[in-house]
Amino acid sequence: PAIAAVIPAAGVGQRMQADKPKQYLRLHGKTVLEHSVQPLLSLESVGQLYLALSADDPYFAATGLTDPRIIRVEGGAERVHSVLNALQHIDAVRYPWVLVHDAARPLVRRADIQLLIERCLAAGHGGILATPVRDTMKRGQQQVQHTVDRTDLWHALTPQFFPTALLTAAIGGALAAGVAVTDEASAMEWAQQSVLLVEGHSDNLKITRPADLQLAAFYLEQNR
Ligand code: C5P
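Residues numbered from 1 in each chain as written. Predicted model: local features only at pLDDT ≥ 70, side-chain atom pairs only at ≥ 80, totals over all residues.

Going by the annotation in an unreviewed UniProt entry, the name recorded for the protein is 2-C-methyl-D-erythritol 4-phosphate cytidylyltransferase, with Alishewanella agri BL06 given as the source organism. The Pathway (unreviewed entry) field of the UniProt record for the protein holds the comment "Isoprenoid biosynthesis; isopentenyl diphosphate biosynthesis via DXP pathway; isopentenyl diphosphate from 1-deoxy-D-xylulose 5-phosphate: step 2/6." Among the UniProt annotations of the protein, the heading Sequence similarities (unreviewed entry) holds the following wording: "Belongs to the IspD/TarI cytidylyltransferase family. IspD subfamily." (UniProt positions renumbered as here; feature names shortened; annotations may be inferred.)

Here you go:
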């Protein structure tokens, strides 16, 4: 089927303490955003890519992103609002499936996106890239209350891949119900839809703190 992509890229990235939002910081000769978008645009099945940018974004025009499939839309107050606004622009009949991918994840592998798409289409429902938790997990504030069983615990990554109409309805419904929607899957879970876990790679990190950019540069230098 034809696939649309949504990239929320309207965040300010406060935790980076940089002079511009993290998606516009440079990594190996181009912006983080260009790295994040490229593997999606490399897929022929991706016919449109909706980029949610803040209304007064002064940086996008200077990037090398000129692919005609890119459609610029306005971002919202939080990630979920940026995603929902983009979803509402998509013609779900022409594009029945949508990939949502963070602008701040520049290292996603093309093969992992393809695997996610294949597994979900075979299952007939949506899913996410994720990695198993390997650390021992604790719950607590100042002190440990208890150890959380890490069996069956996963880190949720992006892309996340869902039927367009179901995802749009689920996010709208979850927001109206006051549910915290920190990724697309959380809205689908609220809507009682199945979400497949597809194992990705932990180098698909989200640039959050300054050291993440150095780590990303290191990974890019490796033959992954
Ligand atoms: O800040 P965080 O790492 O959670 O942001 C994840 C993604 O959501 C980033 O790509 C960021 O640009 C995007 N975002 C957005 N609109 C917001 C906040 C974040 O598109 N209001």
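## Observations concerning the site of the ligand
The ligand sits among 17 residues. The nearest are Pro8, Ala10, Gly11, Ser82 and Ala103. Classifying every residue of the shell around the ligand gives 7 nonpolar, 6 polar and 4 charged. (Near = placed C-beta within 6 Å. Nonpolar A, V, L, I, M, F, W, Y, C, P; charged D, E, K, R; others polar.)

## Here we look at the pairing of strand β9 (residues 144–148)
Along any regular strand the residues' side chains alternate between the sheet's two faces. Taking burial as the measure, the 5 residues of β9 include 0 buried ones, a minor fraction of the element. Between strand β8 (residues 137–140) and β9, which follow one another and run antiparallel, lie 3 residues. (Buried ≥ 20, exposed ≤ 12 C-beta atoms within 10 Å, placed from the backbone. Helix = DSSP H or I, 4+ residues; strand = E, 2+ residues; numbered from the N terminus. Pairing = 2+ DSSP bridges.)

## Describing the environment of Val195
Assignment of secondary structure puts Val195 in the loop between α5 (184–190) and β11 (196–199). Counting along the chain gives 33 residues from Val195 to Phe162, while the straight-line C-alpha distance between them is 8.6 Å. Ignoring sequence-local partners within four residues, the contact set of Val195 consists of Gly126, Gly127, Ile128, Ala185, Met188 and Glu189. (Contact = placed C-beta atoms within 7 Å.)

## Details of the nonpolar core
Counting 57 residues, the largest nonpolar core has Ala5, Val6, Val98 and Ile171 as the members making the most contacts within it. The leading source of residues in this core is strand β4 (residues 46–53), at 6 residues. Excluding anything up to four places from it in sequence, Val98 contacts Ile3, Ala4, Ala5, Val6, Leu87, Ile90, Phe162, Thr164 and Leu167. (Core = buried A, V, L, I, M, F, W, Y, C linked by C-beta atoms within 7 Å.)

## Regarding the UniProt feature "site: Transition state stabilizer" (unreviewed entry) in the protein
Those residues carrying the UniProt feature "site: Transition state stabilizer" (unreviewed entry) are Arg15 and Lys22 in this numbering. As for its position among the elements, Arg15 is in the loop between β1 (3–8) and β2 (26–27). Of the residues examined, Arg15 has 12 C-beta atoms within 10 Å and is grouped as exposed. If you trace the backbone, Lys22 turns up in the loop between β1 and β2. Residue class for Lys22 comes out buried when judged on the 27 C-beta atoms lying within 10 Å of it.

## Observations regarding the UniProt feature "site: Positions MEP for the nucleophilic attack" (unreviewed entry) in the protein
The positions that UniProt labels "site: Positions MEP for the nucleophilic attack" (unreviewed entry) are, in the present scheme, Arg150 and Lys206. Mapped onto the secondary structure, Arg150 falls in the loop between β9 and β10 (154–163). Sequence-distant contacts of Arg150, that is, excluding residues within four places in its chain, are made with Val133, Thr136 and Met137. The topology assignment puts Lys206 in the loop between β11 and α6 (210–221). Given 17 C-beta atoms within a 10 Å radius, Lys206 is considered partly exposed.

## A few points about unusual backbone geometry
Residue Pro159 follows Thr158 across a cis peptide bond; omega there is 5°. Of note, the phi angle at His28 is positive, near 50°, even though the residue is not glycine. Within the secondary structure layout, His28 lies in the loop between β2 and β3 (30–31). We classify His28 as exposed; it has 12 C-beta atoms within 10 Å.

## Describing the environment of Leu49
In this fold, Leu49 is placed in strand β4. Note on Leu49: 23 C-beta atoms within 10 Å, which makes it buried. Placed 20 residues apart in sequence, Leu49 and Arg69 show a C-alpha to C-alpha distance of 5.7 Å. Beyond its immediate stretch of four places on either side in the chain, Leu49 contacts Ala5, Ile7, Val37, Leu40, Leu41, Arg69, Ile70 and Ile71.

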